[in-house]
Amino acid sequence: MAYPAKLRVWRGDATSGELQDFEVEANEGEVVLDLIHRLQATQTPDLAVRWNCKAGKCGSCSAEVNGRPRLLCMTRMSIFDEDEIITVTPMRTFPVIRDLVPDVSYNYEKAREIPSFTPPEGLEPGEYRMQQVDVERSQEFRKCIECFLCQDTCHVIRDHEENKEAFAGPRYLMRVAELEMHPLDVADRVDAVQDAQGLGYCNITKCCTEVCPESIHITDNALIPMKERVADRRYDPIVWLGNKIFKRNGA
Amino acid sequence: MTEVERHNYDVVVIGAGGAGLRAVIEARQRGLSVAVVCKSLFGKAHTVMAEGGCAASMGNANSHDNWQVHFRDTMRGGKFLNNWRMAELHAKEAPDRVWELETYGALFDRTADGRISQRNFGGHTYPRLAHVGDRTGLELIRTMQQKIVSLQQEDHRRYGDYEAKLKVFAECTVTELVKEDGRVAGAFGYWRESGRFVLFETPAVVLATGGIGKSFKVTSNSWEYTGDGHALALRAGAGLINMEFVQFHPTGMVWPPSVKGILVTEGVRGDGGVLKNAEGERFMFRYIPDVFKGQYADSEEEADRWYTDQEGNRRTPDLLPRDEVARAINTEVKEGRGSPHGGMFLDIASRLPTEEIRKRLPSMYHQFRELADVDITAEPMEVGPTCHYVMGGIEVDPDTAASTVPGLFAAGECSGGMHGSNRLGGNSLSDLLVFGRRAGLGAAEYVESLDARPSVSEADVTAGATHALAPFDGPDDGGGEENPYTLHTELQQTMNELVGIIRKADEIEKAIDRLAEIRGRIRRVTVEGNRQYNPGWHLAVDLRNMLLVSECVARAALRRTESRGGHTRDDFPQLDAQWRNRLLVCAAADDQPVPAVDVEVKEQPPMRRDLLELFELSELEKYYTEDELAGHPERTA
């Protein structure tokens, strides 16, 4: 049944802002984004919010609800008590543009720094052969809808602006893992993931995995295996010794 | 003088969905400088919503498949109104476009021997859709997004700047195309973030803006689908064809109300799911139309055998083309056999083991669990028709994607002709790739052929700015103000109720009257706040495009006095062979910001003989007039 829900929404821009309280009608089956839209249509026509698909597929409506990173379109009102105040704020890790819309350009910059898919030379289109079991590892990571909630929650950059330069964040460390696990990719990103993407900053607290709306096992399936690959290459004493003696290329 | 940020590019692509990105890749690989402008963040375009797959007759799942079979299926799906040259190019080139994506890094699901797996879909004779579970669109968009990043990395190595030759202008809306001497000279718009104006000086624009679904209340489309490309082209002097054909996808969610319209992939039926009414009857067997008699199973037993033996059995009518299934559901509900929330039941739970459902349809499982508290592995889904796709769009040359306006190209959903009166599922993603590439190529060749570049006049820039800012000023006569959200809701109601899945002359006329009234009120739309990321203003600007395309749909729908594909007239319920070859072309009647719409009839050129011969005469007789078939070899022999 319809009831008046209590919404507390952050409004402002890069210079200043504040939490504002609203009472908005909520109906059966609705999600927080529905209420934000009703707020726009009835009380605050210029309230800024990003959204697209409203079905959890595009990753546009990322924000924080009661402090937790969430997709507004997948946050059911029914998880809250009817008299509970629901606080909606923009993702904190990125600079705010206006209201619930942050500047997420950091992510697009990091994406550009990862060496792209590199197929074997001479393999023609139509000749690609891969087994399902082999593509599934990377397919899990390609479920990513780039909502950037994992980036938002990651404590390496959440309150440490200074780490942003050296750290690509879980989404892009996972992108490296995806390419490294692609059955046909021939490039080597193991050194770069440590030196350029800053894998060493991650201390596997699994916060990214917890907030992932696609339930991707970011830490277990992407970050830890990448850490193991780095450790194998850099810190395995036998490999180290072998490298010293034989001066292997690429190590 | 209006303060405006200026950029100069060889080609500007508007829209960053599948078609836009493929056009960008092609034009950049031809050596040109390219800008891609999109209303959302990069990688969020509506293509991510495509679930089932991308149709291409690679023959991996059934070696009998080839381009001729795909071509025939496409023409049948569109009830022979398709631009046959587009359907031919599409069927021939789709496999190459899919294989190409693998070289960009795409990871499709695999067959046992390691090739790309292909799934069944409505209207496709063989399993034909390359797919990744039920998130194929996401794979396409991400793959091409990442290909664009790799092209930028090449530019970075060569020029020291990622954006030297290819730049993404995200959250930027184009509101005007600017011409000089009848040719495209630029595109004018604003940054959503700041509200500041931006001008692209360019001799070639590729429109890849998608569809018009936001003109309807129940739709699977996102806010971006406001017919921008359709409207820009119309205002620039291009024609829109087939605007009366709007596809209502048979299976959208119907409950809860806030998710009504969200898509349920056809892959559910392709993988074995069946439609049932409230009495538990698999009703689709009663709805096989005459033109498809003999091609579909007429018993449940045969239909069920077909999933494992396609040579000895005919396919289930659950997989008839979308227009047929949507109409059938509509009738069942109307006759009182609907589900509790006014839809039909779609049952996969009793057809496949739990694990298999979760593996093949992960996002459907997730979507129903999260949004409707329904476990699709245990209970049926409730589904009903939702506005999904517009077959109509900008009239283009099939080979080059050029519109009638020099320098203006279009690809994907905003172009028209390819799908005729009804699109087959899976033919959209392949359409984006085939014609996205052709548009990129067409634009590149056009630019290379130019001796001199057109220039943008200052007057056009000023006019564009004035037009865009009008909603801040309010009505110039001091009269009552209109709220863009309210007006949008009224427009959606009008289209949904009066020009929806089933149409009648008096209802369409009523819709045209209401649209005229909205047209009067749209001038009074007033927005609050400033220009910085202001959704009320953005809607006010987009609303004009929605109104314009709605008028095109309504006026064309009134003219076409027959039922075909995505256009069903209650007062003219039959297919009329006299209409098969006639296109309705919408054109702007004046140069107002929201121009009046003229509709004219135009005949399509007859199908090339070698293509016509791919069909049995007995099938053509169901669609063609006697005169048209007089010269058919089977008749003259």
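Everything numeric here is computed off the predicted structure, so don't read it as measured data.

Enquirer: Break down the overall build of chain A for me, with residues and values.
Expert: From N to C terminus, chain A includes 10 helices and 7 strands. Along the first, second and third principal axes, the C-alpha set of chain A runs to 70 × 40 × 30 Å. Within chain A, the fraction of its 251 residues that count as buried is 57%. In chain A, once contacts between residues fewer than 6 apart in sequence are set aside, the share between residues at least 24 apart is 62%. Taken as a whole, chain A presents about 10,800 Å² of accessible surface, with 50% of it coming from carbon and sulfur. Taken together, the 31 basic and 42 acidic charged side chains of chain A have centroids lying 3 Å from each other.

Enquirer: Before we move on, can you summarise the overall build of chain B with the specific residues and values?
Expert: Counting secondary structure elements, chain B contains 19 helices and 21 strands. Over its C-alpha atoms chain B spans a radius of gyration of 24 Å, differing by no more than 12% from the 26 Å that the globule rule assigns to 637 residues. By the burial criterion, 68% of the 637 residues in chain B qualify as buried. Taking the average place of the 74 positive charges on the side chains of chain B and the average place of its 97 negative ones, the gap between the two points comes to 2 Å.

Enquirer: Quick rundown of empty space enclosed by the protein? Include the residues and the values.
Expert: Empty pockets left among the atoms are what a rolling probe the size of a water molecule brings to light. Residue and element names in this part refer to chain B. Summed over the entire model, instances satisfying the criterion amount to 8 cavities of 30 Å³ or more. Considered as a void within the structure, the largest cavity measures approximately 630 Å³ in volume. Surrounding the largest cavity, 46 residues form its lining, His-46, Thr-47, Gly-210, Tyr-225 and Glu-413 being those nearest its centre. Breaking the lining of the largest cavity down by element, the ones donating at least two residues are α1 (18-29), β3 (34-38), β8 (172-180), α5 (228-236), β16 (381-390) and α11 (427-449). Split by residue class, the lining of the largest cavity holds 19 nonpolar, 19 polar and 8 charged. In this structure, the lining of the largest cavity is formed jointly by two domains, domain 1 (4-245 + 391-449) and domain 2 (252-388), each of which donates at least three residues.

Enquirer: Tell me about the interface of chain A and chain B, residues and numbers included.
Expert: Taken together, the 61 residues of chain A in the interface contact 66 residues of chain B. Taking both partners together, chain A and chain B bury about 5,300 Å²; carbon and sulfur atoms supply 52% of that area. It is A:Lys57, A:Arg112 and A:Arg142 that lose the most area in chain A upon contact with chain B, and together they represent 16% of the buried surface on that side. Our count for the chain A to chain B interface comes out at 6 salt bridges. Between A:Arg76 and B:Asp373 there is a salt bridge, and its shortest N-O distance comes to 3.0 Å. Taken together, chain A and chain B are joined by 43 residue pairs in polar contact (both at pLDDT 80 or more).

Enquirer: An account of the sheet that holds strand β4 (residues 54-55) of chain B is requested, with residue identities and associated values reported.
Expert: Residues and elements named next belong to chain B. In spatial order, the strands read β4-β6-β5; together these 3 strands make up an open sheet with antiparallel pairing. Each end of this open sheet is capped by a strand with a single partner; those strands are β4 and β5 (118-119). Looking at chain direction, β5 and strand β6 (residues 129-130) are connected through 2 bridges and run antiparallel. Looking at β6, one finds that Gln-118 is bridged to Ala-130.

Enquirer: If you had to explain the packing of aromatic side chains to someone new, which residues and values would you point to?
Expert: Residues and elements named next belong to chain B. Counting across every chain of the model gives 19 aromatic pairs over all chains. Both rings, one in Phe-292 and one in Tyr-296, keep their centres 6.0 Å apart while their planes meet at 80°; by these two values the pair is edge-to-face. Taking 5.1 Å as the distance between ring centres and 50° as the angle between the ring planes, the aromatic pair formed by Phe-472 and Trp-537 counts as tilted. Separated by 65 residues along the polypeptide, Phe-472 in helix α12 (residues 458-473) and Trp-537 in helix α15 (residues 535-559) bring together distant segments of the chain. By relative accessible area, which is 22% here, Phe-472 ends up partly exposed. For Trp-537, a relative accessible area of 0% translates into the label buried. Counting every residue linked through ring pairs, the aromatic cluster contains Trp-67, Phe-71, Phe-80, Phe-615, Tyr-623 and Tyr-624. Over the ring of Trp-67 we find Lys-92; its NZ or CZ atom is 4.6 Å from the centre of that ring. Sitting over the ring of Tyr-624, Arg-580 keeps its end group 3.7 Å from the ring centre.

Enquirer: Describe helix α8 (residues 322-334) of chain B, with residues and values.
Expert: All names here are of chain B. Compared with the 18 Å implied by 1.5 Å per residue over 13 residues, the 18 Å span of α8 between its first and last C-alpha is a close match. All buried positions along α8 are accounted for by Arg-322, Asp-323, Glu-324, Val-325, Ala-326, Arg-327, Ala-328, Ile-329 and Glu-332. Contact partners of the buried residues in α8: β13 (246-253), α6 (267-270), β14 (274-276), β15 (344-347) and β16. Downstream of α8 by one or two residues, Gly-336 has phi in the positive range, about 90°.

Enquirer: Lay out the domain arrangement of chain A in plain terms, naming residues and giving numbers.
Expert: Many analyses report the size of an interface as the accessible area lost when the parts associate. Residues and elements named next belong to chain A. Taken domain by domain, chain A holds domain 1 (3-102) and domain 2 (105-246). A separation of 31 Å is found between the C-alpha centroids of domain 1 and domain 2. Each partner contributes to the interface: domain 1 provides 17 residues, whereas domain 2 provides 19 residues. Contact between domain 1 and domain 2 buries roughly 1,300 Å² in total, counting both sides, with carbon and sulfur atoms accounting for 50%. The largest per-residue losses of area from domain 1 upon contact with domain 2 belong to Pro-69, Thr-93 and Phe-94, which jointly make up 42% of the total buried on that side. We note a salt bridge from Arg-158 to Glu-64, for which the minimum N-O separation is 2.9 Å. Where domain 1 meets domain 2, there are 7 residue pairs in polar contact (both at pLDDT 80 or more). Those elements that provide at least two residues to the side of domain 1 that touches domain 2 are β3 (62-65) and β4 (68-71). Counting residues per element, the side of domain 1 that touches domain 2 draws most heavily on β4, which supplies 4 residues. Across the side of domain 1 that touches domain 2, the residue classes break down as 7 nonpolar, 5 polar and 5 charged.

Enquirer: A description of the sheet that holds strand β7 (residues 166-170) of chain B should follow, citing residues and the corresponding values.
Expert: Residue and element names in this part refer to chain B. Ordered by their spatial adjacency, 5 strands build an open sheet running β7-β3-β2-β11-β18, and the pairing between neighbours is parallel. Each edge of the sheet is formed by a strand with only one pairing partner; in this case those strands are β7 and β18 (408-410). When the angles between neighbouring strand axes are averaged without regard to direction, this sheet yields 20°. In the sheet, strand β2 (residues 11-14) pairs with strand β11 (residues 204-207) via 4 bridges, with the strands oriented parallel. Note on β11: the bridge partner recorded for Val-11 is Ala-204. In this fold α1 packs onto β2, β3, β7 and β11, with an angle of close to 170° to the strand it touches most, β3.

Enquirer: So, the pattern of salt bridges: which residues are in play, and what are the values?
Expert: All names here are of chain B. The full count for this structure, using the stated rule, is 92 salt bridges over all chains. The residue Arg-282 makes a salt bridge to Asp-318 at a minimum N-O spacing of 3.8 Å. With Arg-282 in the loop between β14 and α7 (300-306) and Asp-318 in the loop between α7 and α8, this residue pair connects regions lying 36 residues apart in the sequence. A single network of salt bridges, built from pairs that share partners, joins Arg-22, Glu-26, Glu-93, Arg-97, Glu-100, Arg-437 and Arg-438.

Enquirer: Let's hear about the nonpolar core: which residues, and what values?
Expert: A:Leu72, B:Phe200, B:Leu207, B:Leu408 and B:Met607 are the most contacted members of the largest nonpolar core, which has 265 residues in total. Considering each element in turn, this core owes the most residues, 14 residues, to α15(B). With residues near it in sequence (within four places) discarded, B:Leu207 still touches B:Ile14, B:Gly229, B:Leu232, B:Ala233, B:Ile394, B:Leu408, B:Phe409, B:Ala410, B:Ala411 and B:Cys414. Residues B:Leu81, B:Phe245, B:Met391 and B:Val585 belong to the second largest nonpolar core, which totals 7 residues.

Enquirer: Got a sec to walk through the domain arrangement of chain B? Specific residues and values, please.
Expert: All names here are of chain B. What the domain assignment lists for chain B is domain 1 (4-245 + 391-449), domain 2 (252-388) and domain 3 (608-637). The gap between the C-alpha centroids of domain 1 and domain 3 is 33 Å. Taken together, the contacts link 11 residues of domain 1 with 8 residues of domain 3. Where domain 1 abuts domain 3, roughly 940 Å² becomes buried across the two surfaces, and 71% of that area is made up of carbon and sulfur atoms.

Enquirer: Pulling in residues and values, what's your account of the packing of α1(B) against α11(B)?
Expert: Residue and element names in this part refer to chain B. Where α1 contacts α11, the two axes come as close as 7 Å, and the packing angle between them is 40°. In terms of orientation, α1 and α11 fall into the oblique class. Here α1 runs over α11; the crossing is right-handed. Each of Gly-18, Ala-19, Arg-22, Ala-23, Glu-26 and Ala-27 in α1 lies in contact with α11, whose residues at this interface are Leu-432, Leu-433, Gly-436, Arg-437, Gly-440 and Leu-441. Looking at side-chain class alone, the contact of α1 with α11 contains 6 nonpolar, 3 polar and 3 charged residues.

Scoring rules and cut-offs
Residues numbered from 1 in each chain as written. Chains lettered and ligands numbered in written order. Predicted model: local features only at pLDDT ≥ 70, side-chain atom pairs only at ≥ 80, totals over all residues. Heavy atoms only, no water. Helix = DSSP H or I, 4+ residues; strand = E, 2+ residues; numbered from the N terminus. Buried < 20%, exposed > 50% of the residue type's maximum accessible area, 1.4 Å probe, protein only. Contact = heavy atoms within 4.5 Å. Areas by Shrake-Rupley, 256 points an atom, 1.4 Å probe, with all protein chains shown as cover. Lys, Arg positive; Asp, Glu negative; His and termini not counted. Charge placed at Lys NZ, Arg CZ, Asp CG, Glu CD. Rg over C-alpha atoms; globule rule 2.2 N^0.38 Å. 1 Å grid on protein atoms, 1.4 Å probe; cavity = no way out; pocket = protein on both sides within 12 Å on 5 of 7 lines; lining within 4 Å. Points joined across faces, edges and corners; volume = space filled by probe spheres on them. Nonpolar A, V, L, I, M, F, W, Y, C, P; charged D, E, K, R; others polar. Domains from an automatic or database assignment. Buried area = accessible area lost by both parts, 1.4 Å probe. Salt bridge = Lys/Arg side-chain N within 4 Å of Asp/Glu carboxyl O. Polar contact = N/O pair within 3.5 Å; in protein donor to acceptor, adjacent residues only side chain to side chain. Pairing = 2+ DSSP bridges. Phe/Tyr/Trp six-rings, centres within 6.5 Å; stacked < 30°, edge-to-face > 60°. Lys NZ or Arg CZ within 6 Å of the ring centre and 35° of its normal. Expected span 1.5 Å × (residues − 1). Axes fitted to C-alpha atoms, helices over the stretch in contact; angles between N-to-C directions. Core = buried A, V, L, I, M, F, W, Y, C linked by side-chain atoms within 4.5 Å. Parallel < 35°, antiparallel > 145°, perpendicular 65-115°, else oblique. Left-handed = near helix turned anticlockwise from the far one by under 90°.

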